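Close look at the chain arrangement
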Amino acid sequence: MELVKKNIHTERIKAKALLQIPLEEDINVSDSRPDVGKPVFTRGKIKVDEVKSGTNKVWVKGRLVYQILYLAEGKDSGLAGMEGELPFMEEIYMDMVESTDRAICNTNLEDMRVNLINSRKLSIQAVISLMPRVEENTQEEVCVDLNGAEKEQAKGGKELEYRKKPLDYLETAVSKRDLFRIHEENKLPAGLPAVGTVIWRSTAIQHVNFKPLSGKIAVGGELSLFLIYKEDISGRTNWYETTMPFSGNIECQGCEEMMTADIAYEVGHEEITVREDSDGEARMLGVELALELEIKLLQKESSHIVADVYGVSCEVAAISSPKKFRQLQQDAYLEEKLTGTVKPDGIDTKILRICHSEAKPEIENCIFGDDEIEIRGSAEVQVLYLNNEDGNNFAMAESRLPFTITRKLSGLQKDMEYNIENCSLKPQLEQLHVVMKDGERIEWQAVLTLHLMLYGEAQEEILTDLKITELDSSKLEKLPGFAIYFVKEGDTLWQIGRKYYVSVDKIKEVNQLTSEDIAPGDKLLIVKSGEI
């Protein structure tokens, strides 16, 4: 007797870790930059350049890329900007990791502060979180049939009775890394003067979505660009902000339209250039970005596997072992409207005009109830504004708003454990709207969108082997040739057939049953195999 088996491909987290590290460095202002009077606006991004696995460890190499907008003092008073990076290299202990494993590292900039030491030196203090993990492809074998059982019965040999049960699972169809390159170009509006010297440039990606298609993945979203510059002729400070939609496709072998996409992205290389238009004026803005994608395409599958076996003319010991199979419990988009207030630091600071705003959400924890999820986090908002001292003076206000979102979720299984490690939660703050109130307060509104993909693991007993031996003749002789069995609560034809070494089909045939449905109190005639 041969077990017909099928391979199920999935992934699991082999090892993971969390490390928070401080970064602190004093930086000198380059000779080409004016003296620093006061830092105004700061921005930081973590770039991971390399993740390398070793025996029970992972090395993460990267850098904190910072931008600083400041008010200059002296003869070059006004706005000025500088940028740079703080490199880091960390060795993180991770049990069970091998040098051949593929490691991924997520990051988060917990805090970054820029302090003035003197007009030519600044201090940067930051705390970053490194979250490396190693995922491995796994292959589970399940028994879907018994090869040869029908032949044995036809020959009058060892007759077996077996039944099947459905198994729902999530199979990983595609798992890979890829790049999606964005090339966009924009021209300054006619009402704005041409660019002379760029003081500050920044980009942000919003509304990113991925859609599996046949042989490819469609990518769409919006790219926002913010630029502060000195005008070409007058030297006055000006700024420009715009949003550009982008779209494209990534070739992906094995991708099908009905698959579920779980794709994470980080912004890698980014470059903003200014070039001349056809009239020779510096008005053309070019943006090049590379999205580093961690792609997982998942396929919901269902198979019928052999659940149990017993012998009719032989003794059968079914050997099984528990195995876990991944399932997608939720794939939903959640929305929550957030509102908050930002107050500038200092009692003498007045708001004349809002120039730019940025918002970043952060998820801190997820708590699962019987039929609901509670998501806790915070939204950080930064606002760059022009104050009322003169037309060339800028300041920044910032605020952090904690939030708690509770949503009902249907379909959660009580026998499964859920936690933040079982879900893929991609937050974005969209539709950010910032307005000035009475020159002293800034009010903001935004919509927090969360793409929740909640996974669970169901444990199933999987048949791995059969031990078939000859039936003890004395045991069979003790069974009656004919018997009347009164059905009790919880009885099934399978249990009754196993007890009397009779096939389910034989019981149905003798009792003229069209299904396996029986009820307590029913009477069944049991005829031993071989009896007429």
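Moving on, we get to the overall build of the protein. Of the regular secondary structure elements, the protein holds four helices and 21 strands. Taking 24 Å as the expected radius of gyration for a compact globule of 532 residues, we find that the protein reaches 33 Å, considerably beyond that expectation. With the C-alpha coordinates aligned to their principal axes, the bounding extent of the protein is approximately 115 × 45 × 45 Å. In the protein, buried positions account for 45% of the 532 residues. The contacts of the protein with a sequence gap of at least 6 include a subset with a gap of at least 24, amounting to 77%. Looking at the protein as shown, the accessible area adds up to about 27,700 Å², and 44% of this sits on carbon and sulfur atoms. Across the protein, 65 positive and 93 negative side-chain charges occur, with their mean positions spaced 2 Å apart.

Our next topic: the nonpolar core. The biggest cluster of nonpolar side chains holds 34 residues, and the ones touching the most others in it are Phe180, Ile182, Ile205, Ile217, Leu223, Leu293 and Leu297. Secondary-structure elements contributing two or more residues to this core are β8 (160–187), β9 (195–213), β10 (216–231), β11 (237–251), β12 (260–276) and β13 (282–311). In terms of residue count, β13 provides more of this core than any other element does, eight residues in total. By size, the runner-up hydrophobic cluster in this structure holds 33 residues, among which are Val97, Ala103, Leu109 and Ala126.

This brings us to the sheet that holds strand β19 (residues 441–470). Ordered by their spatial adjacency, three strands build an open sheet running β14-β19-β18, and the pairing between neighbours is antiparallel. Of all strands in the sheet, those with a lone pairing partner are β14 (314–342) and β18 (423–437), marking the two edges. Going across the sheet, the axis of each strand differs from the next one's by a mean of 5°, ignoring polarity. Alignment of β18 against β19, held across 13 bridges, turns out to be antiparallel. Opposite Lys426, over in β19, you have His451 as the bridge partner.

Now for the environment of Asn238. Mapped onto the secondary structure, Asn238 falls in strand β11. Between the C-alpha atom of Asn238 and that of Ile228, which follows or precedes it by 10 residues, the distance is 5.8 Å. Discounting residues that sit within four places of it in the chain, Asn238 has contacts with Leu192, Pro193, Leu227, Ile228, Tyr229 and Glu231. A distance of 3.1 Å separates polar atoms of two side chains, one belonging to Asn238 and the other to Glu231.

This brings us to the side chain of Asn186. Positionally, Asn186 belongs in strand β8. For Asn186, a relative accessible area of 16% translates into the label buried. Within the local environment of Asn186, its side chain forms a polar contact with the side chain of Tyr240, the two groups lying 2.8 Å apart.

Let's shift gears to unusual backbone geometry. The phi dihedral of Met96 is positive, around 80°, even though this residue is not glycine. Locating Met96 in the fold gives a position in the loop between β5 (78–93) and β6 (103–118).

Turning our attention to the sheet that holds β10. The strand order β9-β10-β11 describes an open sheet built from three strands, whose pairing is antiparallel. Edge strands, defined here as strands with exactly one partner in the open sheet, are β9 and β11. Strand after strand, the sheet turns through a mean of 15° between neighbouring axes, direction not considered.

To continue, consider the pairing of strand β3 (residues 36–54). Here β3 pairs with strand β4 (residues 57–72) via 16 bridges, running antiparallel. Pairing of Pro39 across the sheet is with Tyr70, part of β4. What sits between β3 and β4 in their antiparallel hairpin is a turn of two residues, with Asn56 showing a positive phi close to 60°.

A word on the packing of aromatic side chains. Applying the stated criterion across every chain, the model contains six aromatic pairs. Positioned over the ring face of Tyr455 is Arg326, at 3.8 Å from the centre of the ring.

With respect to the helices, strands and loops of the structure, His451 is situated in strand β19. Within the structure, His451 has its side chain in polar contact with the side chain of Asp331 (distance 2.8 Å). If sequence neighbours within four positions are ignored, His451 has contacts with Asp331, Ala332, Tyr333, Ser424, Leu425 and Lys426.

Under the definition given, this model contains 33 salt bridges. The salt bridge partner of Glu358 is Arg43, with a shortest N-O separation of 3.0 Å. Of the two residues, Glu358 sits in strand β15 (residues 351–368) while Arg43 sits in strand β3, which places them 315 residues apart along the sequence. The class of Arg43 is buried, set by a relative accessible area of 12%. Measuring nitrogen to oxygen at the nearest pair gives 3.9 Å for the salt bridge that ties Lys488 to Asp491.

Here we take up helix α3 (residues 493–500). Buried within α3 we find Leu493, Trp494, Ile496, Gly497 and Tyr500. One face of α3 carries all of its buried residues, which in axial projection span an arc of 165°. Buried-residue contacts for α3 involve β8, β13, β20 (482–486), α4 (504–510) and β21 (523–527). At the exit of α3 stands Tyr501, carrying a positive phi of roughly 55°.

This part is about a negative patch on the surface. Together, Asp232, Glu276, Asp279 and Glu281 make up a region of like negative charge exposed at the surface. Mapped onto the fold, Asp279 is located in the loop between β12 and β13. We classify Asp279 as exposed; its relative accessible area is 61%.

What follows concerns a nonpolar patch on the surface. A cluster of nonpolar side chains, contributed by Phe482, Ile484, Phe486 and Leu525, occupies part of the molecular surface with about 400 Å² of accessible area. When residues in the nonpolar patch are grouped by element, the largest group, three residues, is from β20. For Phe482, the location among the structural elements is in strand β20. Classification of Phe482 as partly exposed rests on a relative accessible area of 48%.

Per the counting criterion, the structure on display carries zero disulfides. Left unpaired, Cys314 is separated from the closest cysteine sulfur, that of Cys143, by 15 Å. Judged by its relative accessible area of 1%, Cys314 is buried.

Procedures and definitions
Here the residue numbers are simple positions, counted from 1 along each chain's written sequence. Thresholds applied to this predicted model are a pLDDT of at least 70 for local features of residues and 80 or more for the giving and counting of side-chain atom pairs; totals over whole chains, interfaces and linings are not thresholded and use all residues. For the side-chain quantities, the full set of heavy atoms in the structure was used; hydrogens and water were omitted. Only DSSP runs of H or I reaching four residues or more are called helices, and only runs of E reaching two or more are called strands; each is numbered from the N terminus. Only the C-alpha atoms count toward the radius of gyration. The rule for a globule is 2.2 Å times the residue count to the power 0.38. Per-residue accessibility, obtained with a 1.4 Å probe over protein chains only, is compared with the maximum for each type, and a residue is labelled buried under 20%, exposed over 50%, and partly exposed between these values. Contacts: residue pairs with any heavy atoms within 4.5 Å of one another. Note on areas: these come from Shrake-Rupley sampling with a 1.4 Å probe, and a residue is covered only by the protein chains present in the view. Charged residues are defined narrowly, with Lys and Arg counted positive, Asp and Glu counted negative, and His plus the chain ends left uncounted. The atoms used to mark charge sites are NZ of Lys, CZ of Arg, CG of Asp and CD of Glu. The criterion is simple. A nonpolar core is a set of buried Ala, Val, Leu, Ile, Met, Phe, Trp, Tyr and Cys residues joined through side-chain atoms within 4.5 Å. Criterion used throughout: strands pair if DSSP finds at least two bridges between them. Here, axes are lines fitted to C-alpha atoms. For helices the fit covers the stretch in contact, and angles between N-to-C directions go from 0 to 180 degrees. Think of a polar contact as two N or O atoms within 3.5 Å of one another; within protein, one of them needs to be a possible hydrogen donor and the other a possible acceptor, and neighboring residues in sequence only count if both atoms come from side chains. For this analysis, a ring pair means two rings from Phe, Tyr or Trp (six-membered ring only for Trp) whose centres lie within 6.5 Å, classed as stacked if their planes differ by under 30 degrees, edge-to-face if by over 60, and tilted for the remaining angles. Throughout this description, the term charge over a ring refers to an Arg CZ or Lys NZ atom that lies within 6 Å of the ring centre and within 35 degrees of the ring normal. Salt bridge, as applied in this entry: a Lys or Arg side-chain nitrogen positioned within 4 Å of an Asp or Glu carboxyl oxygen. Working note: the arc is built from the helix axis to C-beta atom directions. Patch definition: residues above 30% relative accessible area lacking any salt bridge, with like charges linked at up to 9 Å and the nonpolar side chains Val, Leu, Ile, Met, Phe, Trp and Tyr linked at up to 5 Å. Two cysteine sulfurs form a disulfide in these notes if their separation is within 2.5 Å.

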